[in-house]
Amino acid sequence: MTGWPEQLKKEFDVAEKARARGNEGQARVCARRAAGIAIREYLTRKGTPPLSTSAVDLLNLLKDGPLLSPDLKLIADHLTLRVTEEFKLPVDADLVAEARKLCDELLK
């Protein structure tokens, strides 16, 4: 099993490749999984072992809790949005870039 840094890099690599192929849906999924990896590591460092392995559960935990700044809460909110019937996000956001920012901030 690889460590979290390798897992995180892999998710972002797959996200970029998916986006290059025009598969934005897969890129969004990879962005969420990357965020989940970073959140698990962040919580572990804080002495709070994550209770869930679900990236969406962990994003909801952070966005509803007191640990994040408002801008990072907005990113967590974007990462938990459901797509429309046309498979588009209801907001104009680059989830891969936002996930990178969230991961960078959490893993400082």
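Calculation rules
- Residues numbered from 1 in each chain as written.
- Predicted model: local features only at pLDDT ≥ 70, side-chain atom pairs only at ≥ 80, totals over all residues.
- Heavy atoms only, no water.
- Helix = DSSP H or I, 4+ residues; strand = E, 2+ residues; numbered from the N terminus.
- Buried < 20%, exposed > 50% of the residue type's maximum accessible area, 1.4 Å probe, protein only.
- Contact = heavy atoms within 4.5 Å.
- Areas by Shrake-Rupley, 256 points an atom, 1.4 Å probe, with all protein chains shown as cover.
- Lys, Arg positive; Asp, Glu negative; His and termini not counted.
- Charge placed at Lys NZ, Arg CZ, Asp CG, Glu CD.
- Phe/Tyr/Trp six-rings, centres within 6.5 Å; stacked < 30°, edge-to-face > 60°.
- Lys NZ or Arg CZ within 6 Å of the ring centre and 35° of its normal.
- Salt bridge = Lys/Arg side-chain N within 4 Å of Asp/Glu carboxyl O.
- Core = buried A, V, L, I, M, F, W, Y, C linked by side-chain atoms within 4.5 Å.
- Arc of directions from axis to C-beta.

When you go through the protein residue by residue, the secondary structure sums to five helices and zero strands. Element order for the protein, N to C, with α for helix and β for strand: α-α-α-α-α. Principal axes of the C-alpha set define a box for the protein whose edges measure 40 × 30 × 20 Å. For the protein, with 108 residues in total, the buried portion stands at 38%. The long-range share in the protein, meaning contacts at least 24 apart out of those at least 6 apart in sequence, stands at 51%. Surface accessibility of the protein: about 6,500 Å² in total, with carbon and sulfur atoms responsible for 55%. Here the protein contributes 18 positively and 17 negatively charged side chains, and the mean placements of these two sets differ by 3 Å.

Time to look at the packing of aromatic side chains. Taken as a whole and assessed by the stated rule, the structure comprises zero aromatic pairs. A cation over an aromatic ring shows up here: R100 above the ring of F12, its NZ or CZ 4.3 Å from the ring centre.

As a further point, take the pattern of salt bridges. In this structure the tally under the stated criterion is nine salt bridges. The shortest N-O distance in the salt bridge between K9 and D13 comes to 2.7 Å. Here the residue K9 and the residue D13 both occupy positions in helix α1 (residues 4-20), the gap between them amounting to four residues, near one helical turn. The exposure class assigned to D13 is partly exposed, which follows from its relative accessible area of 31%. A salt bridge links R100 to E16, with the shortest nitrogen-to-oxygen separation between them at 3.5 Å.

Quick look at the nonpolar core now. Generally speaking, nonpolar side chains in soluble globular proteins are found buried as a group. Ranked by internal contacts, the top residues of the largest apolar core, which has 30 residues, are L79, L102 and L106. Elements that contribute at least two residues to this core include exactly α1, α2 (24-45), α3 (55-64), α4 (70-79) and α5 (95-106). At 10 residues, the largest contribution of residues to this core is made by α2. If we ignore the near neighbours within four places in the chain, the residues touching L79 are A31, R32, A35, L59, L95, A99 and L102.

For α3, the set of buried residues is A55, L58, L59 and L62. Along the long axis of α3, the arc covered by the buried residues comes to 100°, so they all point the same way. Each element contacted by the buried residues of α3 is listed here: α2, α4 and α5.

Shape descriptors only; they carry no functional weight alone.
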